[in-house]
Structures are given as structure tokens and as C-alpha cells.
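Next come the chains, spelled out residue by residue.
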Amino acid sequence: MSNVRVRFAPSPTGELHIGGARTALFNILYVRSKGGTFVLRIDDTDLERSRADYIDKLIESLKWLGLDWDEGPYYQSKRISEYTSEAERLLSDKKAYRCYCSVEELASGREAAKKENRAFLYAGTCRELPPETEEKFLKEGREAVIRLRTPEHGSTVVNDLIRGEVSFDNEMLDDFIIIKSNGQPTYNFASVVDDLQMEITDVIRAEEHLSNTPRQLLCAQALGFDPPRFAHVPMILAPDRSKLSKRHGATSVEEFFREGYLPEALINYMALLGWSPGDDLEILSLKEMIDLFSLPRVNKTAAVYDVNKLAWMNGHYIREYDADKLAKAAIPFFKKKGLIKEELSANEYNFLKRVTTVVKERARTLVELADAAEYFYIDQFEYDPKGIKKVFKKEDAAELMSTLTEELQALEPFDAESTEKLFQSLSEKTGLSPGKLIQPARLAVTGRTGGPGLFEILDLLGKEKTIARMKKAIEYVENKM
Ligand code: GLU
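Residues numbered from 1 in each chain as written. Predicted model: local features only at pLDDT ≥ 70, side-chain atom pairs only at ≥ 80, totals over all residues. Heavy atoms only, no water.

## Thoughts on the pattern of salt bridges
Two side chains that carry opposite charge are able to pair once their charged atoms sit near each other.
Here's step 1: Under the defined criterion, the tally for this structure stands at 39 salt bridges.
Here's step 2: A salt bridge links K57 to E15; the nearest nitrogen and oxygen atoms lie 3.6 Å apart. Here the residue K57 occupies a position in helix α2 (residues 52-65), and E15 occupies one in the loop between β1 (5-8) and α1 (18-34), the gap between them amounting to 42 residues.
Here's step 3: In this structure E15 comes out as partly exposed when scored by relative accessible area, which is 27%.
Here's step 4: Linking K337 and E374 is a salt bridge whose minimum nitrogen-to-oxygen distance equals 3.8 Å. Here K337 is found in the loop between α12 (323-336) and α13 (346-359), whereas its partner E374 is found in helix α15 (residues 374-377), with 37 residues between them in sequence. (Salt bridge = Lys/Arg side-chain N within 4 Å of Asp/Glu carboxyl O. Helix = DSSP H or I, 4+ residues; strand = E, 2+ residues; numbered from the N terminus. Buried < 20%, exposed > 50% of the residue type's maximum accessible area, 1.4 Å probe, protein only.)

## Remarks on the site of the ligand
Here's step 1: Every residue lining the ligand is accounted for by R7, A9, P10, S11, D43, Y187, S191, R205 and H209.
Here's step 2: Separating a nitrogen atom of the ligand from a backbone N or O atom of A9 is a distance of 2.8 Å.
Here's step 3: One nitrogen or oxygen atom from the side chain of R205 is found 2.8 Å from an oxygen atom belonging to the ligand.
Here's step 4: Surface burial for the ligand is 82%, taken as the share of its 300 Å² of free accessible area covered by protein chains.
Here's step 5: One can see that the ligand is located within the largest pocket.
Here's step 6: Here the shell around the ligand is composed, by residue class, of three nonpolar, three polar and three charged. (Near = heavy atom within 4 Å. Polar contact = N/O pair within 3.5 Å; in protein donor to acceptor, adjacent residues only side chain to side chain. Areas by Shrake-Rupley, 256 points an atom, 1.4 Å probe, with all protein chains shown as cover. 1 Å grid on protein atoms, 1.4 Å probe; cavity = no way out; pocket = protein on both sides within 12 Å on 5 of 7 lines; lining within 4 Å. Sits in = over half its atoms within 2 Å of the grid points. Nonpolar A, V, L, I, M, F, W, Y, C, P; charged D, E, K, R; others polar.)

## Regarding the packing of helix α3 (residues 80-92) against helix α6 (residues 187-197)
Here's step 1: Where α3 meets α6, the closest approach of the two axes is 10 Å, and the angle between their N-to-C directions is 95 degrees. With respect to each other, α3 and α6 are oriented roughly perpendicular. Residue-level contacts link E82, Y83, E86, A87 and L90 of α3 to F189, A190, V193, D194 and Q197 of α6. (Axes fitted to C-alpha atoms, helices over the stretch in contact; angles between N-to-C directions. Parallel < 35°, antiparallel > 145°, perpendicular 65-115°, else oblique. Contact = heavy atoms within 4.5 Å.)

## Describing the nonpolar core
Here's step 1: Ranked by size, the top nonpolar core spans 109 residues in total, and within it F26, F334, L369, F376, F392 and F423 carry the most contacts.
Here's step 2: In terms of residues, this core owes the most to one element, helix α20 (residues 454-480), which gives eleven residues.
Here's step 3: Every residue in contact with F423, bar those within four places of it in the chain, is listed here: L404, L408, L437, I438, A441, L454, F455 and L458.
Here's step 4: One finds L91, L148, L196 and L218 within the second-largest nonpolar core, a separate group that totals 21 residues. (Core = buried A, V, L, I, M, F, W, Y, C linked by side-chain atoms within 4.5 Å.)

## What about the packing of helix α16 (residues 385-392) against helix α19 (residues 434-446)?
Here's step 1: At a minimum axis distance of 10 Å, the contact between α16 and α19 shows a crossing angle of 145 degrees. For α16 against α19, the interelement crossing comes out left-handed. Residue-level inspection shows G387, I388, V391 and F392 of α16 in contact with α19, the latter providing Q439, P440, L443 and A444.
Here's step 2: A class-by-class count of the residues in the contact of α16 with α19 yields six nonpolar, two polar and no charged. (Left-handed = near helix turned anticlockwise from the far one by under 90°.)

## Description of the state of the cysteines
Here's step 1: Evaluation of the coordinates by the stated rule reveals zero disulfides.
Here's step 2: Left unpaired, C99 is separated from the closest cysteine sulfur, that of C101, by 3.8 Å.
Here's step 3: Note on C219: no disulfide assigned, nearest cysteine sulfur contributed by C99 at a separation of 16 Å.
Here's step 4: The exposure class assigned to C219 is buried, which follows from its relative accessible area of 0%. (Disulfide = S-S within 2.5 Å.)

## Description of the layout of surface pockets
Here's step 1: One number sums up the size of the largest pocket: a volume of about 1200 Å³.
Here's step 2: Of all the secondary-structure elements, those providing two or more residues to the lining of the largest pocket are β1, α1, α6, β9 (202-206) and β11 (236-237).
Here's step 3: Counting residues per element, the lining of the largest pocket draws most heavily on α1, at four residues.
Here's step 4: Considered class by class, the residues forming the lining of the largest pocket number 15 nonpolar, twelve polar and twelve charged. (Points joined across faces, edges and corners; volume = space filled by probe spheres on them.)

## Examining α12
Here's step 1: Given a rise of 1.5 Å per residue, 14 residues ought to cover 20 Å, and the 20 Å separating the end C-alpha atoms of α12 matches this to within 8%.
Here's step 2: Of all the bends found along α12, the most pronounced is centred on A330 and spans about 40 degrees, while P332, a proline, follows it within four residues.
Here's step 3: Three or more residues of α12 are buried, namely L326, A327, A329, A330, I331, F333 and F334.
Here's step 4: Elements in contact with the buried residues of α12: α8 (253-258), α11 (307-320), α13, α14 (366-372) and α15. (Expected span 1.5 Å × (residues − 1). Bend = angle between axes of the 7 residues up to and from the residue.)

## Considering the sheet that holds strand β4 (residues 96-99)
Here's step 1: If you walk across this open sheet you meet the three strands as β4-β5-β8, and the pairing is antiparallel. The two strands at the open ends of the sheet, each matched to only one other strand, are β4 and β8 (177-179). Averaged over neighbouring strand pairs, the angle between their axes works out to 45 degrees when direction is ignored.
Here's step 2: Where β4 lies against strand β5 (residues 145-148), four bridges are found, and the strand directions are antiparallel. Considered in β5, the bridge of A96 is made with L148.
Here's step 3: Its contacts with the sheet put α3 on β4, β5 and β8, and the angle it makes with β4 is roughly 100 degrees. (Pairing = 2+ DSSP bridges.)

## Remarks on unusual backbone geometry
Here's step 1: Between G72 and the following residue, P73, the backbone shows a cis peptide bond with an omega angle of 5 degrees.
Here's step 2: Take P73: it is sitting in strand β3 (residues 71-75).
Here's step 3: Residues E412 and P413 are joined by a peptide bond in cis, for which omega reads -10 degrees.
Here's step 4: Relative to the helices and strands, P413 resides in the loop between α17 (397-410) and α18 (416-430).
Here's step 5: The backbone phi angle of D279 is positive, close to 55 degrees, even though this residue is not glycine.
Here's step 6: Looking at where D279 falls in the secondary structure, it is placed in the loop between α9 (263-271) and α10 (286-292).
Here's step 7: For D280, which is not glycine, the phi torsion reads 55 degrees and is therefore positive.

By themselves, these observations are geometric and do not establish any function.
Written out as C-alpha cells, the structure reads:
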């Protein structure tokens with residue numbers, strides 16, 4: 001095992017978003033290609049917004065995607081004493097100081113900055129408090145935050161593995177808070193203490209954190225450690241290049257699961273959001289991605305999310321799945337539609353396996369797969385109005401279907417092969433093209449004008465159901481047309 005160590009550090013304030021999942025994936029691709037260790041850390045210091053149920057969901061989503069970690073999960077909420085003692089060390093080294101400015105005192109500065117349309121920077125009021133004043137404040141029991149003493153001039157440079165050198169003017173960074181008045185660390189401080197103590201060598205995370213990086217570098221420097229390397233992965237935008245949000249459809253891993261996407265498809269699709277493996281490669285297994293992945297091949301520019309491409313890819317993986325895997329993946333979707341019961345007998349499961357194999361060709365999601373399988377389970381369906389017009393309205397429709405029904409009734413054995421032969425010989429006898437015979441039968445037994453091969457459908461339905469549906473359709477045509 002190499003000494004490369006990366007971490008994925010989600011905040012449990014919502015479901016795992018596609019952006020977060022992609023960050024986890026890039027961490028995996030990188031660390032597996034280097035033979036290192038993947039650490040999972042839960043950034044749950046935001047007490048108001050963090051929720052235990054989101055932690056469970058995060059973990060479930062990562063597992064479902066197959067993004068397994070080697071170490072953790074660590075919880076920041078359980079490491080408060082580490083942050084406090086590191087902050088105390090900075091205080092005694094004079095690298096940090098207590099600030100007693102009240103919210104009200106800071107408010108006017110904040111207001112002024114807002115009016116002038118500039119970022120609020122703390123003025124450094126408590127930077128050099130005389131010890132007597134500080135003692136007095138402490139005695140009065142004044143609340144205090146801890147701030148890092150940051151350089152007033154010069155610049156802090158981030159050597160980003162994707163973006164190259166990014167320089168930040170120190171004058172734009174104030175003495176920021178590392179421990180809040182309630183004793184909780186800020187994200188920037190907790191993150192650095194963890195990255196250092198957990199010996200993280202590479203931080204791969206979303207671009208939105210690039211502006212936090214100079215603060216984190218300054219924290220690491222103050223703590224006396226070499227910082228990790230940083231790589232900031234590009235944003236994911238909606239097709240209209242706006243921020244990807246709920247109105248663009250599913251955005252969390254859980255929603256993608258509910259909409260019938262397969263983990264392999266999501267993984268494959270997410271990998272291409274901002275990374276190009278070269279040679280126009282598109283369909284890749286996790287193993288292939290690991291072999292090809294490198295951070296310099298990750299784009300600097302935003303990636304655009306395209307649900308149609310994801311759906312196309314999902315269709316590919318649905319077709320690739322073997323019968324057993326597909327049936328198992330389909331079960332929750334068939335249950336949701338009420339097609340199958342909670343417990344399946346061996347026969348019912350085998351039937352499900354055959355049905356999903358037959359309808360999988362055109363399904364792009366498992367929801368579409370269950371829709372396409374409906375008539376195998378439900379006798380009461382409507383006929384497609386277009387089919388009624390095109391097929392049932394034909395003058396000889398009822399007569400043709402009666403002939404078919406009689407022949408099918410007499411057929412023994414009744415399977416895909418024998419029904420196909422029957423239609424062939426009937427076509428020869430009547431001079432009608434096979435299509436002309438297949439169309440009314442298909443509409444009668446499925447209610448639809450398209451779908452998988454008719455003979456496979458008949459085989460699966462069996463003789464009894466086929467005949468009953470044919471008779472019902474004849475009645476319909478005789479009475480309604
Ligand atoms: N908890 C932060 C987030 O979810 C982690 C950022 C980081 O990776 O440092 O955005």
C-alpha cells in the first residue's frame with residue numbers, strides 16, 4: 001500500500017448530491033490508481049443543519065454506488081477536543097488570539113462593507129489586546145471566538161493539481177474565526193486539523209472550496225505541518241448552464257435510485273462529468289476508469305449534466321445485466337407498480353427473470369422496464385388508440401383474429417417456436433404478410449403496437465391467457481368498431 005491517503009468529507013445536511021458523489025468517485029479513482037487509502041469523514045460540526053438520518057442515507061448511497069472506503073467513518077462531532085487543543089496550542093504560540101467583539105460591534109462594519117459592495121473583513125480590533133484588558137474581559141465572562149493571526153501582506157499560493165497555481169492576495173483574507181463562541185470549530189479549521197492528523201496527502205474536492213484553500217494553507221502553516229496537495233474538480237451545471245437544482249429533475253443519488261438508474265451507469269456517467277479518458281471512450285467499468293484516471297486529465301471548466309446521455313448509458317447497462325442481476329434490481333420497481341407481491345415463489349421469480357429479459361431491450365430505466373412489463377401481470381389494459389385506428393378498425397380484423405384464435409387454441413405445444421411457425425404457415429396460406437397477422441395479435445394480447453417479439457410474449461403469457469385476451473379483443477372489435 002502506498003502512502004497516498006485521500007478523504008471524502010460530506011456534510012450530512014441533505015441527500016448525497018450528484019456533485020458530492022462525483023467527488024467521492026474521483027477520490028476513489030485517484031486513490032485506487034495509486035494503491036492508497038480512502039478515508040470517509042463526516043463533517044458534522046454544523047449542529048443545526050446536520051442530521052443523523054442523512055448520515056445513514058449518505059452511507060447507504062455510497063455503498064449502493066460501490067464506493068467503498070478503507071478507513072472511517074470518522075465523525076468531526078466526536079473530535080471537538082482535538083480542535084480545541086490545537087487552537088489552544090495556537091493561542092499559546094500567539095498564532096491565534098481571542099476576539100471579544102460582539103456581534104453588534106461587528107455589525108456596523110458588516111453593514112458598511114455591504115453598502116460599498118465589498119467583502120467584510122475583520123479589522124483586527126482584538127489582535128493586540130493588552131493582557132489586563134483580556135483578563136478583565138475573561139473575568140466579566142465575555143464570550144470570545146478564536147481567530148487565526150494571518151499575514152497582512154503578500155500572497156498565499158495554491159498549487160492546484162488541476163488548476164495550476166492560483167494566488168490569493170493576503171490583504172483579502174482577514175483574521176478569520178477558527179473556534180466559534182460556542183466552542184465549535186469552523187469548517188476551515190476542523191478540516192485542516194483532520195487532514196493533518198489523518199495524514200491526508202491529497203484533497204480532491206469541489207471547486208467551490210478553492211476560495212477556502214488559502215485559509216486552510218494558513219492554518220496548516222500555523223499548526224506547523226506541510227499541507228496536503230489540493231485538486232479542485234469543476235462544477236456540474238444544468239444544460240442551460242445554470243446551477244444544477246431540483247427543477248432539473250433528480251439530483252441526489254437516492255433520487256436516481258428511485259428513478260430506476262443502475263449504480264454502474266451512474267458511476268460511468270459521473271466519471272465523464274469533468275474527466276475525459278481519451279480516445280472517445282465512453283462505456284467504462286470502474287476497473288478501466290481506475291487504470292486510465294489521472295488528475296491532469298480532469299477539466300478546469302464546468303461540466304454540463306445531460307440526463308439523456310445518462311439515460312442512454314443506463315439502457316446500455318440494463319441490457320448488459322444478466323437475467324438474475326436484472327430481475328433482482330427490478331424487484332422494487334415491479335413491487336411499486338403492484339405487479340408482484342412482497343414474497344416471490346421460485347416460479348414467480350423465474351417468470352420475473354424471463355419477463356425482464358424479454359422487455360429489457362428498449363428500457364432506459366428500471367421504471368421504464370416495469371412499465372414495459374405491465375401486461376405480463378395485468379389483464380385489464382386499454383388498447384392504444386393509435387392501434388385501434390390502425391389495426392382494429394380494419395374491415396377483416398375480427399375475422400382474422402378469430403382464425404388466429406382457433407389455430408392458437410389447437411396448437412400443441414404452445415411456445416415461441418411453435419407460435420412462430422403457426423404465424424408463418426398462416427401467412428403463406430392467406431397470402432397476408434406476417435406483419436398483418438402479428439399486429440392485431442400484438443394489440444390484442446398487450447394493448448400496445450410495439451414491444452418485444454410477439455412469439456416470446458405469447459410463450460410467456462401461455463395459451464390460456466393468450467386465448468382469453470384474443471377473445472376479449474374480438475368482442476371489443478365486434479361491439480365497438
Ligand atoms: N464538508 C465539506 C463539504 O461537504 C467538505 C469540503 C472538503 O472536502 O474539504 O463540502
